[in-house]
Amino acid sequence: MTGEEFWLGQSVFEWLSAYGYYVLPILIIFLGPVAGFTAGFFASLGALNPFIVFLVWFFTTTTTDALLFSLGKFGRGLLNRFKRSRGVVEKIDMLEHGPGVSWVNFIKEHYIKLFFFVKISPTVTISDMLAVVGGLLDVEFKRHYIASIMGQMIWSGVFVSMGYYFGGAIQDTSFLINTTGIILGSIFIITVIYIKFLHKHISQKFDDVLIRLKDLFINSGSGENNYTKK
């Protein structure tokens, strides 16, 4: 790509420089990391500023997290208007106030760690679910926002940087070879450290919660009557 390709009477670079920052939040909402990586790639070619790309992605996603959290915290009336979301609300209420200690109590107690882990994992849909559930469980907004900020700083930084350096790599063969070696070596080291020291611990803590959280949203519509009749 030379940047001289024309679209609507303007070169691609001119179009991206003029409108890219306005379109990027929409693309991030629907495409997530793909949009961030692509924007980082175009930043490496000079069409966008990588720091502005990072900030746009960061604020777009943390704002979306806050809105979903607020929907759970203040939007019960709206959620109760729809069958599937009403089933989720009813299950959460039943588990939170039922006898014994349930997995929703674990979410309330470890919300910051759990949301942070979900944010830096390739589980965008689950992080959205967890934000709504956090609001329904009346988690403090401060705790939610701390986890959202910390996780998104890492997530945005990693993908924008990957796109930026990949764009530089394809223009420089020696840079491509060196960068590929560094990336593969880093991935190998991180994978070994994760498997040896973190995987078992994280799995024991969070796997059951994440599975139940996913099932909660998937099965809420079909299982609503079973819970409301009890």
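Basis of the calculations
- Residues numbered from 1 in each chain as written.
- Predicted model: local features only at pLDDT ≥ 70, side-chain atom pairs only at ≥ 80, totals over all residues.
- Heavy atoms only, no water.
- Helix = DSSP H or I, 4+ residues; strand = E, 2+ residues; numbered from the N terminus.
- Contact = heavy atoms within 4.5 Å.
- Areas by Shrake-Rupley, 256 points an atom, 1.4 Å probe, with all protein chains shown as cover.
- Axes fitted to C-alpha atoms, helices over the stretch in contact; angles between N-to-C directions.
- Parallel < 35°, antiparallel > 145°, perpendicular 65-115°, else oblique.
- Left-handed = near helix turned anticlockwise from the far one by under 90°.
- Nonpolar A, V, L, I, M, F, W, Y, C, P; charged D, E, K, R; others polar.
- Salt bridge = Lys/Arg side-chain N within 4 Å of Asp/Glu carboxyl O.
- Buried < 20%, exposed > 50% of the residue type's maximum accessible area, 1.4 Å probe, protein only.
- Core = buried A, V, L, I, M, F, W, Y, C linked by side-chain atoms within 4.5 Å.
- 1 Å grid on protein atoms, 1.4 Å probe; cavity = no way out; pocket = protein on both sides within 12 Å on 5 of 7 lines; lining within 4 Å.
- Points joined across faces, edges and corners; volume = space filled by probe spheres on them.
- Expected span 1.5 Å × (residues − 1).

Caption draft 1: Looking closely at the overall build of the protein chain. Secondary structure summary: the protein chain contains eleven helices and two strands in total. Counted from the first residue to the last, the protein chain has its helices and strands arranged as β-β-α-α-α-α-α-α-α-α-α-α-α. The long-range share in the protein chain, meaning contacts at least 24 apart out of those at least 6 apart in sequence, stands at 75%. Accessible surface for the protein chain amounts to roughly 13,400 Å². Of this, 68% is attributable to carbon and sulfur atoms.

Caption draft 2: Seen up close, the packing of helix α3 (residues 50-74) against helix α8 (residues 124-136). Two elements in contact, α3 and α8, have axes whose closest approach is 6 Å; the angle formed by their N-to-C orientations is 40 degrees. Of the possible angle classes, the one that applies to α3 and α8 is oblique. The handedness of the crossing between α3 and α8 comes out as right-handed. Touching Asp65, Leu68, Phe69, Gly72 and Lys73 of α3 are Asp128, Ala131, Val132, Gly134, Gly135 and Leu136, all from α8.

Caption draft 3: Spatial organisation of the packing of helix α7 (residues 111-119) against α8. One way to put it is that α7 packs onto α8 with a least axis distance of 9 Å and a crossing angle of 160 degrees. Considering the angle they form, α7 stands roughly antiparallel to α8. At the point where α7 passes α8, the crossing takes the left-handed sense. Mapping the contact onto sequence places Tyr111, Leu114, Phe115, Val118 and Lys119 in α7 and Ile126, Ser127, Leu130, Ala131 and Gly134 in α8. Split by residue class, the contact of α7 with α8 holds seven nonpolar, two polar and one charged.

Caption draft 4: Representation of the pattern of salt bridges in the model. In total, this model carries four salt bridges according to the counting rule given. The shortest N-O distance in the salt bridge between Asp93 and Arg76 comes to 3.1 Å. With a gap of 17 residues between them, Asp93 in helix α5 (residues 83-97) and Arg76 in helix α4 (residues 76-79) connect regions that are remote in the sequence. For Asp93, a relative accessible area of 25% gives the class partly exposed.

Caption draft 5: Geometry of the nonpolar core. Ile92, Ile107, Leu114, Leu130, Val133, Leu213 and Leu216 are the most contacted members of the largest nonpolar core, which totals 30 residues. Listed by contribution, the elements that provide at least two residues to this core are α5, α6 (103-109), α7, α8 and α10 (173-219). Top element by residues in this core is α8. It accounts for seven residues. Not counting the four nearest positions on each side in its chain, Leu130 is found in contact with Ile107, Tyr111, Leu114, Phe115, Val118 and Leu213. Grouped together as the second largest cluster of nonpolar side chains are 19 residues, Leu24, Ala35, Val53 and Val56 included.

Caption draft 6: Molecular detail of the layout of surface pockets. In this structure, the second largest pocket encloses a volume near 290 Å³. Lining the second largest pocket are 19 residues; nearest its centre among them are Ile28, Thr61, Lys119, Val124 and Asp128. Listing elements by their share of the lining of the second largest pocket, those giving two or more residues are α1 (12-31), α3, α7, α8 and α9 (141-169). Classifying every residue of the lining of the second largest pocket gives nine nonpolar, seven polar and three charged.

Caption draft 7: Fine view of unusual backbone geometry. With a phi close to 60 degrees, Asp138 is a non-glycine residue in the positive phi region. By relative accessible area, which is 56% here, Asp138 ends up exposed.

Caption draft 8: Main features of α3. In a regular helix each residue adds 1.5 Å, so 25 residues correspond to 36 Å; α3 covers 36 Å between its end C-alpha atoms and thus fits that length. Looking at α3, one finds that the buried residues are Val53, Val56, Trp57, Phe58, Thr60, Thr61, Thr62, Asp65, Ala66, Phe69 and Gly72.

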